[in-house]
Amino acid sequence: MVKLQSKDETELIGRMVQGDQAALSQLYDRYARVMYSLAFKILGSVEEAEEVVLDVFAKAWRTAARYDASRSRVDSWLFLMTRSRSLDRLRQRQRQTKVVEAATNTAQVSSSDVPEEALLINERRAVVAQALSELPDEQRLVIELAYYQGYSQSEIVKQTGLALGTVKTRVRLGLRKLKQALGAD
């Protein structure tokens, strides 16, 4: 498997710690589109997806000193913050409106200005999709409900009629298999 983490991303974080706004700009140019796509898929709202991306980069700027390259790649760190912030907004919206909406709209990442980045993004998307397709159906279902639909584990229980322990086990096993399939240690 091709290592997708580039050394210069970690260097960009180091420069951000030192207050280099150009480093933040480079990271934004590299990942804003795919982060927007993820946020839009979860939220289904252009405005909220844009706000999430801005919130995540503002948080990355503020917390760059706490980034630990031994725990995750830069892109994983940004995508996790994007996913978490998007799910926070989705749950907040659901509480306010008392309507349960699943964000099922898909957004395609527009082709990158830099062909290598577009290739890496498309390659990563294909690898993840392949790994998901290889999971047993029951594990894939709970992972898709949790990560793509934004359901909490208790909401998955209500949706599927499964026991909470079963949902937790399937999520844990599915994530472990994905981690193995994607070559993450």
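Notes on the structure follow.

Criteria and cut-off values
- Residues numbered from 1 in each chain as written.
- Predicted model: local features only at pLDDT ≥ 70, side-chain atom pairs only at ≥ 80, totals over all residues.
- Heavy atoms only, no water.
- Helix = DSSP H or I, 4+ residues; strand = E, 2+ residues; numbered from the N terminus.
- Buried < 20%, exposed > 50% of the residue type's maximum accessible area, 1.4 Å probe, protein only.
- Contact = heavy atoms within 4.5 Å.
- Areas by Shrake-Rupley, 256 points an atom, 1.4 Å probe, with all protein chains shown as cover.
- Core = buried A, V, L, I, M, F, W, Y, C linked by side-chain atoms within 4.5 Å.
- Axes fitted to C-alpha atoms, helices over the stretch in contact; angles between N-to-C directions.
- Parallel < 35°, antiparallel > 145°, perpendicular 65-115°, else oblique.
- Left-handed = near helix turned anticlockwise from the far one by under 90°.
- Nonpolar A, V, L, I, M, F, W, Y, C, P; charged D, E, K, R; others polar.
- Expected span 1.5 Å × (residues − 1).
- Bend = angle between axes of the 7 residues up to and from the residue.
- Polar contact = N/O pair within 3.5 Å; in protein donor to acceptor, adjacent residues only side chain to side chain.
- Salt bridge = Lys/Arg side-chain N within 4 Å of Asp/Glu carboxyl O.

## Some remarks on the overall build of the chain
Piece 1. Counting secondary structure elements, the chain contains eight helices and zero strands.
Piece 2. The linear arrangement of helices and strands in the chain, starting from the amino end, is α-α-α-α-α-α-α-α.
Piece 3. Among the 185 residues that make up the chain, the fraction classed as buried is 37%.
Piece 4. Of the contacts formed within the chain by residues at least 6 apart in sequence, a portion of 65% connects residues at least 24 apart.
Piece 5. When the accessible surface of the chain is split by element, carbon and sulfur atoms take 51% of a total near 10,900 Å².

## Some details on the nonpolar core
Piece 1. Judged by nonpolar contacts, the single largest core of 30 residues is most densely connected at Ile13, Met16, Leu27, Tyr31, Met35, Phe57 and Leu78.
Piece 2. Ranked by residues supplied to this core, first place goes to helix α2 (residues 21–43) with eleven residues.
Piece 3. If near-sequence neighbours (up to four positions away) are discounted, Tyr31 is found in contact with Glu9, Phe57, Asp75, Leu78 and Phe79.
Piece 4. Core analysis: the second largest hydrophobic core is formed by seven residues, Val142, Leu145, Val167 and Val171 among them.

## Concerning the packing of helix α7 (residues 153–160) against helix α8 (residues 164–181)
Piece 1. Viewed as axis vectors pointing N to C, α7 and α8 meet at an angle of 115 degrees, and their least axial separation amounts to 9 Å. By the angle between their axes, α7 is roughly perpendicular relative to α8. Considering only the axes of α7 and α8, their crossing is right-handed. Together, Gln153, Ser154, Ile156 and Val157 of α7 and Leu164, Val167, Lys168 and Val171 of α8 make up the contact between the two elements.
Piece 2. When grouped by side-chain class, the residues that make up the contact of α7 with α8 number five nonpolar, two polar and one charged.

## Focus on α2
Piece 1. When the terminal C-alpha atoms of α2 are compared, their 28 Å separation across 23 residues is substantially less than the 33 Å that a helix rising 1.5 Å per residue should span.
Piece 2. For α2, the principal kink sits at Tyr31 and spans about 50 degrees.
Piece 3. Near the N-terminus of α2, the side chain that reaches the backbone nitrogen of Ala22, with its oxygen 2.9 Å away, is that of Asp20.

## Concerning the pattern of salt bridges
Piece 1. Throughout the structure, instances matching the rule amount to ten salt bridges.
Piece 2. A salt bridge links Arg30 to Glu9; the shortest N-O distance between them is 3.5 Å. In this pair, Arg30 sits in helix α2 while Glu9 sits in helix α1 (residues 7–17), placing the two residues 21 residues apart along the sequence. Across the pair, exposure class does not vary: Arg30 and Glu9 are buried alike.
Piece 3. In this structure, Asp75 engages Arg73 in a salt bridge whose closest nitrogen and oxygen atoms are separated by 3.0 Å.
Piece 4. Taking the relative accessible area as the measure of exposure, Asp75 reaches 0% and is therefore buried.
Piece 5. Owing to a relative accessible area of 32%, Arg73 belongs among the partly exposed residues under this scheme.
Piece 6. Beyond isolated ion pairs, a larger network of salt bridges with shared partners links Glu48, Glu51, Asp55, Arg85 and Arg89.

## Structural notes on the packing of α2 against helix α3 (residues 46–63)
Piece 1. Taken N-terminus to C-terminus, the directions of α2 and α3 make an angle of 140 degrees; their axes are 8 Å apart at the nearest point. Here α2 is positioned oblique relative to α3, judged by the angle of their axes. Remark: the crossing between α2 and α3 carries right-handed chirality. Residues Gln21, Leu24, Leu27, Tyr28, Tyr31, Ala32, Met35, Tyr36, Ala39, Phe40 and Leu43 of α2 form the contact with α3, whose own contacting residues are Val46, Glu48, Ala49, Glu50, Val52, Val53, Val56, Phe57 and Trp61.
Piece 2. Across the contact of α2 with α3, the residue classes break down as 17 nonpolar, one polar and two charged.

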